[in-house]
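Secondary and tertiary structure notes
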Amino acid sequence: MKKYTLVLATFLLFLTACSGGDFTEDELMDSLAENGIEGSKSQKMYQIINAVGGFGLKGDGFSIEIYEFDSKNALENCVICTYKNGNFGMLIHENNTTSSNKRIIIKTFEEL
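The sections below set out a description of the structure shown in this document.

Rules used in this analysis
- Residues numbered from 1 in each chain as written.
- Predicted model: local features only at pLDDT ≥ 70, side-chain atom pairs only at ≥ 80, totals over all residues.
- Heavy atoms only, no water.
- Buried < 20%, exposed > 50% of the residue type's maximum accessible area, 1.4 Å probe, protein only.
- Helix = DSSP H or I, 4+ residues; strand = E, 2+ residues; numbered from the N terminus.
- Pairing = 2+ DSSP bridges.
- Patch = residues over 30% accessible without salt bridge, like charges linked within 9 Å, V, L, I, M, F, W, Y side chains within 5 Å.
- Areas by Shrake-Rupley, 256 points an atom, 1.4 Å probe, with all protein chains shown as cover.
- Salt bridge = Lys/Arg side-chain N within 4 Å of Asp/Glu carboxyl O.
- Lys, Arg positive; Asp, Glu negative; His and termini not counted.
- Charge placed at Lys NZ, Arg CZ, Asp CG, Glu CD.

1. Some details on the pairing of strand β5 (residues 88-92)
- With five of its five residues buried, β5 lies for the most part within the structure.
- Where burial is concerned, the two faces of β5 agree: the one with Phe88, Met90 and Ile92 and the one with Gly89 and Leu91 are both buried.
- Looking at chain direction, strand β3 (residues 62-68) and β5 are connected through five bridges and run antiparallel. The residue bridging Tyr67 from the neighbouring strand is Gly89, located in β5.
- Note that strand β4 (residues 83-85) and β5 share three bridges and pair antiparallel. Bridge pairing in β5 links Lys84 to Gly89.
- Hairpin connection between β4 and β5: a loop of two residues separates the two successive antiparallel strands, and Gly86 in this loop has a positive phi of roughly 65 degrees.

2. Observations regarding a negative patch on the surface
- A surface patch of negative charge is lined by Asp22, Asp26, Glu27, Asp30 and Glu34.
- Inspection of the secondary structure puts Asp22 in the loop between α1 (2-18) and α2 (25-34).
- Judged by its relative accessible area of 77%, Asp22 is exposed.

3. Some remarks on the side chain of Asn101
- The topology assignment puts Asn101 in helix α4 (residues 99-111).
- According to the relative accessible area criterion, Asn101 is buried, its value standing at 13%.

4. What about the environment of Met45?
- Tracing the chain through its elements places Met45 in the loop between β1 (40-43) and β2 (53-59).
- Between the alpha carbons of Met45 and Gly56 there is a distance of 9.9 Å; along the sequence they are 11 residues apart.

5. A few points about the pattern of salt bridges
- Evaluated as defined, the whole model comprises four salt bridges.
- Glu25 serves as the salt-bridge partner of Lys41, at 2.3 Å between the closest nitrogen and oxygen. On the criterion of sequence distance, the pair formed by Lys41 in strand β1 and Glu25 in helix α2 is long-range, its members being 16 residues apart.
- Of the charged contacts in the structure, one is a salt bridge between Glu111 and Lys107, with a shortest N-O distance of 3.2 Å. Pair noted here: Glu111 and Lys107 are both in helix α4, with a separation of four residues, about one helical turn.

Structure below.
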């Protein structure tokens, strides 16, 4: 019985560690800045896509939009959000983003 309890506890710990997506906008911005992704922040019309918040971030060699949703279901219905983590969705403007910046942005976003 102890073996099954240990296996279950280990599995639950693994799921908790891998769940991701439990971060704030400020934590996202800090993580991006730590990886050299800094720029001008602008407000977006997030209500149009049923998000509860959203902003654009544009800098030298990149342009992205980040949206926050009130549920994972709402996020899944976002057709413009190419990358998703927790309740956040991200759109990368491909024509304005270098491939090296894109890799950094995606990695940072997915590791939160």
